[in-house]
Structures are given as structure tokens and as C-alpha cells.
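Structural characterization, general
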Amino acid sequence: SPYVYDPRKEFDRFSQIFPELKNYWRISDLNSDFSVCSTYPKIFFVPVAIDDHDVRKAAEHRSRGRFPILSYVHRNGANITRCA
């Protein structure tokens, strides 16, 4: 079967690389209907300290609703976030 990206599995993979990940990042399904950002996936990773209401409010002030989301985590905790 063809490979299909699964954000939950990717989050688990990131968690194996950086075990403290879940202390800092969480999975959000805020965009499940693509109403926040039509070019973002249904599920993405955001900081634990920010609730979905704040994510939605931040997206209102960004071009096309694009706000920073987690893309990569290194074993030392350094990460790449992007919003394009």
C-alpha cells in the first residue's frame, strides 16, 4: 500500500527522538474542516501553552491564516516551525 502521512504517527516518532516533546507540543485538529487555513493539514502540532481559541485568533492576523506549526524536532530539542 502507498505511504500516507499520518500526523499522529509522526508526533509519536518525534516523541521517540525527543521524549520531552509532549511537555512542549500538542496535536491540534482545529483545522479538521480546513476553516482556519485551506493550505494546512487537518491535524498539526502547536505549543502546549496555546489553546485552540488562541491559535484561531492568531491565524486571523496571518496571511491566508498561516500560523507557525511544528515541522521537525531534533534529538536535542531544537525544532523547526514554519508558516508558509
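Below or above, wherever it landed, is the structure these notes cover. (Residues numbered from 1 in each chain as written. Predicted model: local features only at pLDDT ≥ 70, side-chain atom pairs only at ≥ 80, totals over all residues. Heavy atoms only, no water.)

1. Comments concerning the overall build of the chain
Regarding its fold elements, the chain presents 3 helices and 4 strands. Helices and strands appear in the chain in the N-to-C order α-α-β-β-α-β-β. With respect to the three principal axes, the spread of C-alpha positions in the chain is 35 × 35 × 20 Å. Across the 84 residues in the chain, those meeting the buried criterion constitute 32%. (Helix = DSSP H or I, 4+ residues; strand = E, 2+ residues; numbered from the N terminus. Buried < 20%, exposed > 50% of the residue type's maximum accessible area, 1.4 Å probe, protein only.)

2. Observations concerning the layout of surface pockets
The gaps of empty space that remain are located by a probe, the size of a water molecule, rolled over the atoms. Estimated volume of the largest pocket: approximately 230 Å³. Lining the largest pocket are 16 residues, with P41, I69, L70, S71 and R82 positioned closest to its centre. When contributions to the lining of the largest pocket are tallied by element, the ones reaching two or more residues are α1 (7-17), β2 (44-47) and β3 (69-73). When the residues that make up the lining of the largest pocket are grouped by side-chain class, the tally is 11 nonpolar, 2 polar and 3 charged. (1 Å grid on protein atoms, 1.4 Å probe; cavity = no way out; pocket = protein on both sides within 12 Å on 5 of 7 lines; lining within 4 Å. Points joined across faces, edges and corners; volume = space filled by probe spheres on them. Nonpolar A, V, L, I, M, F, W, Y, C, P; charged D, E, K, R; others polar.)

3. Notes on the pairing of β3
Two elements, β3 and strand β4 (residues 79-82), share 4 bridges in a ladder whose sense is antiparallel. In the sheet register, Y72 faces β4, and the bridge partner there is I80. Linking two consecutive strands that pair antiparallel, namely β3 and β4, is a turn of 5 residues; a positive phi of about 95° is found at G77 within it. (Pairing = 2+ DSSP bridges.)

4. Let's talk about the pattern of salt bridges
Applying the stated criterion across every chain yields a total of 4 salt bridges. With a closest N to O distance of 2.7 Å, E10 and R13 form a salt bridge. Here E10 pairs with R13, and both are found in helix α1, just 3 residues apart, close to one helical turn. Judged by relative accessible area, which is 15%, E10 ranks as buried. A relative accessible area of 39% means that R13 is categorised as partly exposed. (Salt bridge = Lys/Arg side-chain N within 4 Å of Asp/Glu carboxyl O.)

5. Some remarks on α1
Every buried residue of α1 is accounted for by P7, E10, F11, F14 and S15. Along the long axis of α1, the arc covered by the buried residues comes to 145°, so they all point the same way. In α1, those exposed residues whose orientation departs by more than 90 degrees from the buried face are K9 and Q16. Its side-chain oxygen 3.0 Å from the backbone nitrogen of R8, D6 forms the N-cap of α1. (Arc of directions from axis to C-beta. Polar contact = N/O pair within 3.5 Å; in protein donor to acceptor, adjacent residues only side chain to side chain.)

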